[in-house]
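An overview of the molecular structure
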Amino acid sequence: MLLIYYMIAINLIAFIFYGIDKRKAIKGSRRIPEKTLILLVVIGGAFGGFLGMKLFHHKTQKKKFYITVPVFMVLYLAVIIFCVWQKCFV
């Protein structure tokens, strides 16, 4: 159950960070480093990062984002499907 709460939290944080960075980009203020945004995706926030990219139209032209984020989404989706199939969350 703790893993489910973690995944919800990290995806929400990733989504918020992508939104904050987009707003900072528009205003021309100091930005969130790209490595921080990628790290959030790698540690579980791929779905939130992807949603943030699409909803805010942010980082969609950068190769490291439009490749890395979907790859980790597929990876985490496979892990979730495996865990549901194996009843990891019971």
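It should be emphasised that the depicted structure is a prediction, and the values quoted were computed from it without experimental measurement.

**With respect to the overall build of the chain**
Along its length, the chain carries 3 helices and 0 strands. The secondary structure elements of the chain, listed N-terminal to C-terminal, are α-α-α. Principal axes of the C-alpha set define a box for the chain whose edges measure 45 × 25 × 20 Å. Out of the 90 residues in the chain, the part that is buried amounts to 30%. At a minimum sequence separation of 6, the contacts of the chain that also span at least 24 residues come to 67%.

**Quick look at helix α2 (residues 34-56)**
End to end, α2 covers just 16 Å across 23 residues, shorter than the expected 33 Å (1.5 Å per residue, more than 12% under). At Gly45, α2 shows its strongest bend, of approximately 130 degrees. Along α2, the residues that are buried comprise Glu34, Leu37, Ile38, Leu40, Val41, Gly44, Gly45, Ala46, Gly48, Gly49, Gly52 and Met53. Among the structural elements, α1 (2-27) and α3 (63-86) are those in contact with the buried residues of α2. At the exit of α2 stands His57, carrying a positive phi of roughly 50 degrees.

**Focus: the nonpolar core**
If you look at the biggest cluster of nonpolar residues, it comprises 12 residues: Met7, Tyr18, Ile32, Leu37, Ile38, Val41, Ala46, Met53, Phe65, Val69, Met73 and Tyr76. For this core, the secondary structure elements donating two or more residues are α1, α2 and α3. Of the residues forming this core, the biggest block, 5 residues, is contributed by α2. Those residues within four positions of Ala46 in sequence are excluded, and the remaining contacts are Asn11, Val41, Val69, Phe72, Met73 and Tyr76.

The rules we used
- Residues numbered from 1 in each chain as written.
- Predicted model: local features only at pLDDT ≥ 70, side-chain atom pairs only at ≥ 80, totals over all residues.
- Heavy atoms only, no water.
- Helix = DSSP H or I, 4+ residues; strand = E, 2+ residues; numbered from the N terminus.
- Buried < 20%, exposed > 50% of the residue type's maximum accessible area, 1.4 Å probe, protein only.
- Contact = heavy atoms within 4.5 Å.
- Expected span 1.5 Å × (residues − 1).
- Bend = angle between axes of the 7 residues up to and from the residue.
- Core = buried A, V, L, I, M, F, W, Y, C linked by side-chain atoms within 4.5 Å.

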